[in-house]
Amino acid sequence: MEKSGKIYVAGHRGMVGSAIVRRLRALGYNNIIFRSSAELDLKDFDKVVRFLQEEKPDYVFLAAAKVGGIVANNTYKGQFLFENLQIQNSVIHGSHLAGVKKLMFLGSSCIYPKLAPQPLKEDYLLTGLLEPTNEPYAIAKIAGIKMCEAYRDQYGSNFISVMPTNLYGPNDNYDLNNSHVLPAMIRKFHEARRDGKPAVELWGTGSPMREFLHADDLADACVYLMETYNDSTLVNIGTGVDITIKELAETIKAETGYEGEIVWNTDKPDGTPRKLMDVSKLHGLGWKHKIDLKEGIAMVYDEYKAQHS
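Residues numbered from 1 in each chain as written. Predicted model: local features only at pLDDT ≥ 70, side-chain atom pairs only at ≥ 80, totals over all residues. Heavy atoms only, no water.

Undergrad: Is there a simple way to think about the overall build of the protein chain in this case?
TA: The secondary structure content of the protein chain amounts to ten helices and 13 strands. Relative to the globule expectation of 19 Å for 309 residues, the C-alpha radius of gyration of the protein chain, 19 Å, shows essentially globular dimensions. Projecting the C-alpha coordinates of the protein chain onto the three principal axes gives extents of approximately 60 × 40 × 40 Å. Considering the protein chain as a whole, with its 309 residues, one finds that 53% of them fall into the buried category. Relative to all contacts within the protein chain whose residues are 6 or more apart in sequence, the contacts with residues 24 or more apart total 80%. Both charge centroids of the protein chain, one from 36 positive and one from 39 negative side chains, sit 2 Å from each other. (Helix = DSSP H or I, 4+ residues; strand = E, 2+ residues; numbered from the N terminus. Rg over C-alpha atoms; globule rule 2.2 N^0.38 Å. Buried < 20%, exposed > 50% of the residue type's maximum accessible area, 1.4 Å probe, protein only. Contact = heavy atoms within 4.5 Å. Lys, Arg positive; Asp, Glu negative; His and termini not counted. Charge placed at Lys NZ, Arg CZ, Asp CG, Glu CD.)

Undergrad: Explain the packing of helix α6 (residues 181–195) against helix α8 (residues 245–256) to me, please; I cannot follow it from the model alone.
TA: If you want to describe how two helices pack, look at the angle between their axes and the distance between the axes. Interaxial distance between α6 and α8 falls to 9 Å at its minimum, and their mutual angle equals 40 degrees. Looking at the two axes, α6 sits oblique to α8. Handedness of the crossing formed by α6 with α8: right-handed. Along the contact surface, α6 presents V181, L182, M185, I186, F189, H190 and R193, while α8 presents I245, L248, A249, I252, K253 and T256. (Axes fitted to C-alpha atoms, helices over the stretch in contact; angles between N-to-C directions. Parallel < 35°, antiparallel > 145°, perpendicular 65-115°, else oblique. Left-handed = near helix turned anticlockwise from the far one by under 90°.)

Undergrad: Help me out: how do you make sense of helix α1 (residues 15–26) in this one?
TA: Helical geometry note: an α-helix holds 3.6 residues per turn, so side chains three or four residues apart project in the same direction. With twelve residues, α1 ought to run about 16 Å at 1.5 Å a step, and its terminal C-alpha atoms sit 17 Å apart, in line with that. Of the positions making up α1, those classed as buried are M15, V16, G17, S18, A19, I20, V21 and L24. Considering only its buried residues, α1 is in contact with β1 (7–10), β2 (32–33), β3 (59–62), β4 (102–106), β6 (166–168) and α7 (215–228). The positive-phi residue at the C-terminal boundary of α1 is G28, with phi of around 95 degrees. (Expected span 1.5 Å × (residues − 1).)

Undergrad: Help me out: how do you make sense of the nonpolar core in this one?
TA: Taken as a class, soluble globular proteins show a tendency for nonpolar side chains to be buried jointly. In this structure, I20 and F61 are the most contacted members of the largest nonpolar core, which totals 72 residues. Considering each element in turn, this core owes the most residues, eight residues, to α7. In this structure, I20 is in contact with V9, F61, A63, L106, A219 and C222, ignoring residues within four places of it in sequence. One finds F212, I243, A249 and I252 within the second-largest nonpolar core, a separate group that totals 22 residues. (Core = buried A, V, L, I, M, F, W, Y, C linked by side-chain atoms within 4.5 Å.)

Undergrad: Would you explain the pairing of β3 in this entry?
TA: Of the two faces of β3, the one lined by Y59 and F61 and the one lined by V60 and L62 are each fully buried. Both β1 and β3 contribute to a ladder of four bridges, which runs parallel. The partner of A10 across the bridge, within β3, is L62. For β3 and β4, the ladder comprises four bridges, and the chain directions are parallel. In the sheet register, V60 faces β4, and the bridge partner there is L103. (Pairing = 2+ DSSP bridges.)

Undergrad: How do you make sense of the sheet that holds β1 when you look at a structure like this?
TA: Strand pairs in the sheet, formed through backbone hydrogen bonds, run parallel or antiparallel to each other. Ordered by their spatial adjacency, six strands build an open sheet running β2-β1-β3-β4-β5-β10, and the pairing between neighbours is parallel. With partners counted over all chains shown, the strands left at the sheet margins are β2 and β10 (235–237), one partner each. Note that strand β5 (residues 159–164) and β10 share three bridges and pair parallel. In the strand pairing of β10, P164 is matched with I237. Strands in contact with helix α4 (residues 77–97) are β3, β4 and β5; relative to β3, the strand with the most contacts, it is inclined by about 170 degrees. Strand contacts of α7: β3, β4, β5 and β10, with the helix running at about 145 degrees to β4, the strand carrying the most contacts.

Undergrad: Help me understand the packing of α6 against helix α10 (residues 293–307), please; the structure alone is not making it clear to me.
TA: The geometry of α6 relative to α10 is characterised by a closest axis approach of 11 Å and an angle of 60 degrees between their N-to-C directions. Classed by the angle they form, the pair α6 and α10 counts as oblique. The handedness of the crossing between α6 and α10 is right-handed. Contact residues: L182, I186, R187, H190 and E191 in α6; L293, I297, V300, Y301, Y304 and K305 in α10. For the contact of α6 with α10, the per-class residue count stands at seven nonpolar, one polar and three charged. (Nonpolar A, V, L, I, M, F, W, Y, C, P; charged D, E, K, R; others polar.)

Right, here's the structure in full:
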């Protein structure tokens, strides 16, 4: 990317988009444009196309999506599929029409089959059945990946796709009804300590294994790949290290200072047994994460306390 190039970050108010904006500015990219959802509904194809043709960005980071945890994915299946397809179609096709030099589409590790071998290699895509609890979201993301590949094949568009692992960081969602596991645990343990509750209930058995990446590391990887990577195949972004949900809970419990019990509600779903990304391709391209999980949890808990004191 050229430092003077105009960059559009779709989803700049979210955890990922805001981290990308911070990283771009830290590296001297200052010609950045964005619009809030109130200013531009990314599901509105005509408005998105008009915006892109008027602004003519050189580079686009497509970090906007409708996201949530198991509850949200199970409750709003149709909405997750429809809205994510609408957003992707508008921004990707609009970028093609506007002559964007390069676009990055951010997917999710849930694109891989539920029972795929571990760690998850990029070429495991479409080799098996998806996890039912987030299948609509995964299908939308797979469509986005294939759309970028198809536009590269048909039009020569330099559209690339990256697949982040589970993320956490500033501007995360702490709503217990639709947040992901790590921020939900931070809120639960924080409030239990504050309110003197004797126990915290968590879903499942605690046995599934998950990998977690700080959003600032993701943003660093995204900008690095936009600067250096131009191939058609997708790239996993993660740490290559995972822990059990039980270990995560114990870590967050210790960080928040909560001294009560953890009760596992085994009537609730665990989700995919394991989702560890194979990041050998990313490492081969010259990038590795910098923030370890314990350090990252401490950072986001400090931010959470500052916002919810």
